Amino acid sequence: MTVTRLDEAQLRKAVPELAGLLADTVNAGASVGFLAPLDRAEALVWWEERAADVAAGRLAVWAAYDGDRVLGTVSLAFPGKANSRHRAELVKLMVAPDARGRGLGRRLLATAEDAAAAAGVTLLHLDTESGSPAERLYRSAGWTAIGAIPDYAASPDGVLRPTTIYYRHVPADALTR
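Given the structure is predicted, the values throughout are model-derived calculations rather than measurements. (Residues numbered from 1 in each chain as written. Predicted model: local features only at pLDDT ≥ 70, side-chain atom pairs only at ≥ 80, totals over all residues. Heavy atoms only, no water.)

(A) Structural detail: the packing of aromatic side chains. Scanning the entire structure with this criterion turns up four aromatic pairs. Ring geometry for Tyr138 against Trp143: centres 5.9 Å apart, planes inclined by 55°, an arrangement best described as tilted. In this pair, the class of Tyr138 matches that of Trp143, namely buried. For the pair Tyr138 and Tyr166, a centre-to-centre distance of 6.0 Å together with 50° between the ring planes defines the contact as tilted. Of this pair, Tyr138 sits in helix α4 (residues 133-140) while Tyr166 sits in strand β7 (residues 160-169), and the two are 28 residues apart along the sequence. Each member of the pair Tyr138 and Tyr166 is classed as buried. Among the aromatic residues, those joined into a ring-pair cluster are Phe34, Trp46 and Trp47. In this structure, Arg50 is placed above the aromatic ring of Trp46, and the distance from its NZ or CZ to the ring centre is 4.2 Å. (Phe/Tyr/Trp six-rings, centres within 6.5 Å; stacked < 30°, edge-to-face > 60°. Buried < 20%, exposed > 50% of the residue type's maximum accessible area, 1.4 Å probe, protein only. Helix = DSSP H or I, 4+ residues; strand = E, 2+ residues; numbered from the N terminus. Lys NZ or Arg CZ within 6 Å of the ring centre and 35° of its normal.)

(B) A look at the nonpolar core. Among the nonpolar cores identified, the biggest contains 51 residues, and Leu22, Trp47, Leu76, Leu90, Tyr138 and Trp143 are the most heavily contacted of them. Elements supplying a minimum of two residues to this core: α1 (8-27), α2 (40-56), β2 (59-66), β3 (69-77), β4 (87-95), α3 (104-118), β5 (123-129) and α4. Per element, the largest residue contribution to this core is eight residues, and it comes from α1. When residues no more than four places from it in sequence are discounted, the contact partners of Leu76 are Arg58, Leu59, Ala60, Trp62, Ala88, Glu89, Leu90, Ala112, Ala116 and Leu124. (Core = buried A, V, L, I, M, F, W, Y, C linked by side-chain atoms within 4.5 Å. Contact = heavy atoms within 4.5 Å.)

So, to be careful, I would describe these as geometric facts and stop short of saying anything about function.
What follows is the structure in structure tokens.
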């Protein structure tokens, strides 16, 4: 399995696979900003709209490939404000339902942290559904929860759920692990 940072052209080529991953992830119950059932057409449009941000350097996207199949993805969103260039938001960490439990989420998380360190980012933040399996990953990887916001977003089945906000100072040794 390889994890590759996608440039704009690579992202556009990977859109069909990334759209399938997004639809499968949401339809399996993961709260990543969409309601179920999520169809491939909507997922395709969403990923296609990310290409401009990748081209402009506002978004970095990695895909984990097993052959031609995308099994996972993670992104870093970089703010445009001058006083925020030391931080980035970790977004859309997804692992295909049939590929979970094999360390891919942890590998994608480490890839994003290493890239953040290489880019001079010293602080990462994210939000995730409170009580979700993702919380176990972030806590075990050294992320710090700062609190939960009740009724923040609807889960894929439409129920309002709390979200927990996390942060992590990028480890000084991130590039040497």
